[in-house]
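Coordinate analysis (summary)
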Amino acid sequence: MDFSLPADLVAYLAELDRFIERVIKPLEEADDNIRFFDHRREWARTDFENGGLPRHEWEALLRKAKDLADAAGHLRFPVPKQYGGKDGSNLWMAVIREHFAAKGLGLHNDLQNEHSIVGNFPVATMLDRYGRDDQKAMIDGSIKGKYRITFGLTEPNHGSDATHMETRAVPATRDNVKGWIINGEKMWTTGMHVATHCALFARTSGNDGDARGITCFLVPAKSQGVKIEEYMWTFNMPTDHPRVSFTDVFVPEDALFGEVGRGLSLAQCFVHQNRIRQAASSLGAAVYCINESVKYARERKPFGKALAENQAIQFPLVELATQAEMLRLLIRKTAWEMDKLTEEQIERTLSDRVSMCNYWANRLCCESADRAMQVHGGMGYSRHKPFEHIYRHHRRYRITEGSEEIQIRKVAGFLFGYMGPGKH
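Report on the accompanying structure. (Residues numbered from 1 in each chain as written. Predicted model: local features only at pLDDT ≥ 70, side-chain atom pairs only at ≥ 80, totals over all residues. Heavy atoms only, no water.)

Turning to the overall build of the protein, a few remarks are in order. A count of helical and extended segments in the protein gives 14 helices and twelve strands. Against the globule reference of 22 Å for 424 residues, the protein gives a C-alpha radius of gyration of 22 Å, in line with a compact fold. Considering only C-alpha atoms, the protein reaches an extent of 80 × 55 × 40 Å along its principal axes. Counting all 424 residues of the protein, 54% fall into the buried class. Taking the intrachain contacts of the protein between residues at least 6 apart in sequence as the baseline, contacts between residues at least 24 apart amount to 70%. As displayed, the protein offers around 19,400 Å² of accessible surface, 52% of which is attributable to carbon and sulfur atoms. Placing the 56 positive and 56 negative side-chain charges of the protein at their respective mean positions leaves the two points 2 Å apart. (Helix = DSSP H or I, 4+ residues; strand = E, 2+ residues; numbered from the N terminus. Rg over C-alpha atoms; globule rule 2.2 N^0.38 Å. Buried < 20%, exposed > 50% of the residue type's maximum accessible area, 1.4 Å probe, protein only. Contact = heavy atoms within 4.5 Å. Areas by Shrake-Rupley, 256 points an atom, 1.4 Å probe, with all protein chains shown as cover. Lys, Arg positive; Asp, Glu negative; His and termini not counted. Charge placed at Lys NZ, Arg CZ, Asp CG, Glu CD.)

Here's what the structure looks like:
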């Protein structure tokens, strides 16, 4: 069995590195844009007087980098060829995202908001797999920034268990137009401040706890009855995570996204891709912290002796490096298997592996960042190093990315036989 990366993938990584050095790094260093990545990053990115939202200058810089990457043929890598992409696989995306994150903070790839010069477009995948032709026509605009479709699944009283959501949609007719009236509330609806639509999940039939009976709608963000109630300030600012209410929101029948009552298939499509790719990014960030710690330990000589000679420094880093090597194999194997399965097959037979990758990668990244802060001493604790930024971001993932406990619960379901093959 050959575990080496394909030669064309290795060549593409080198091509991406050249693009970063030739195009992205100069933009990062121009006009003091480095303020978004050095010790000033949180203050430069956050408009504290405007609800803690991202500053316009920050988001404009990210858009400029994306446009440059799109013009160079990189941004749409995972998107199907008919939309200008390269049909990039989950395996290739996992390798690329680890590679980028291992470089550290930079305009090429920012872990705080999923920005990357090789885009992650789970919503585009949802549109392609489940959308009508008119909805598929939104894919190009969603990549270019014309459309911004948020993800309305989580609720104030219902986090990872979407089957108990309280948001309801009922058939209705308004001004002789058939459609639906939606009432409910969503949390962590990321990007709603610039959204054009929300992919909103609501129960249309069935009972609380039923997987069937949940339907997805593409709700225009400016619809009457849609209200941003508050932005949730977090410990990795800026925030674009609001609580949004939907009060007697009417949408016509063509707002339906996918099949009535089968909305969770769309949600699974979103989270599986997101979680395996985010796991790869977490692994890359962990590798960055480990490598920087080893480098510093070899250079730093307190009391005339290199830190690297102390076993108290060596052994924890050896353990973290060992975990990183093992996790890399699991992530790549899982991503490779995902490429051979449908979304329904992934949910039935492989979603426990996706959860393993994600929760362990987030945990490893936090532990590696924490160790890096300790190895670097006072400077590791300061904002002049990126470790606290990496720690806070991935600690947030351990809380919010399905939550670590929920993902462990899914693994337990497969392990103890109440989830998995034959149980759906």
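Structure's up, so let's keep going.
Tracing the sequence through the fold places Leu107 in the loop between helix H4 (90-101) and strand S3 (109-110). What makes Leu107 buried here is its relative accessible area of 0%. Separated by 78 residues in sequence, Leu107 and Glu29 place their C-alpha atoms 9.6 Å apart. Beyond its immediate chain neighbours, meaning those up to four positions away, Leu107 contacts Ile24, Leu27, Glu28, Phe37, Leu61, Leu62, Ala65, His115 and Ile117.

A few words on helix H13 (residues 387-400). A rise of 1.5 Å per residue sets the reference length of H13, with its 14 residues, at 20 Å; its end C-alpha atoms lie 20 Å apart and thus fit the reference within 8%. Within H13, ten of the 14 residues are buried, leaving the element largely enclosed by the surrounding structure. All of the buried residues in H13 are Phe387, Glu388, His389, Ile390, Arg392, His393, His394, Arg396, Tyr397 and Arg398. On its buried face, H13 sits against helix H2 (41-45), helix H8 (264-299), helix H11 (351-375), helix H12 (377-381) and helix H14 (404-416). (Expected span 1.5 Å × (residues − 1).)

Here we take up the environment of Arg363. Here Arg363 is to be found in helix H11. For the pair Arg363 and Asp17, spaced 346 residues apart in sequence, the C-alpha to C-alpha distance is 28 Å. Residues in contact with Arg363, not counting those within four places in the same chain, are Arg398, Glu404 and Ile408.

Before going further, it helps to spend a moment on the pattern of salt bridges. The full count for this structure, using the stated rule, is 29 salt bridges. Here Asp134 ties to Arg132 by a salt bridge, and the two come within 3.0 Å at their closest N and O atoms. In this structure, Glu388 and Arg392 form a salt bridge, with 2.9 Å as the shortest nitrogen-oxygen distance. Here Glu388 and its partner Arg392 are both found in helix H13, four residues apart, which amounts to about one turn of the helix. Three or more residues are tied together by salt bridges with common partners; here these are Arg41, Glu42, Arg383, Glu388 and Arg392. (Salt bridge = Lys/Arg side-chain N within 4 Å of Asp/Glu carboxyl O.)

What follows covers the packing of helix H1 (residues 7-29) against H4. The interhelical angle for the contact between H1 and H4, taken along N-to-C directions, is 40 degrees, at an axis separation of 11 Å. When the axis of H1 is compared with that of H4, the two are oblique. The chirality of how H1 crosses H4 is right-handed. Judged by residue contacts, Asp8, Leu9, Tyr12, Leu13, Leu16, Asp17 and Ile20 of H1 engage Trp92, Val95, Ile96, His99 and Phe100 from H4. (Axes fitted to C-alpha atoms, helices over the stretch in contact; angles between N-to-C directions. Parallel < 35°, antiparallel > 145°, perpendicular 65-115°, else oblique. Left-handed = near helix turned anticlockwise from the far one by under 90°.)

Note that all results are geometric; they support no functional claim without further evidence.
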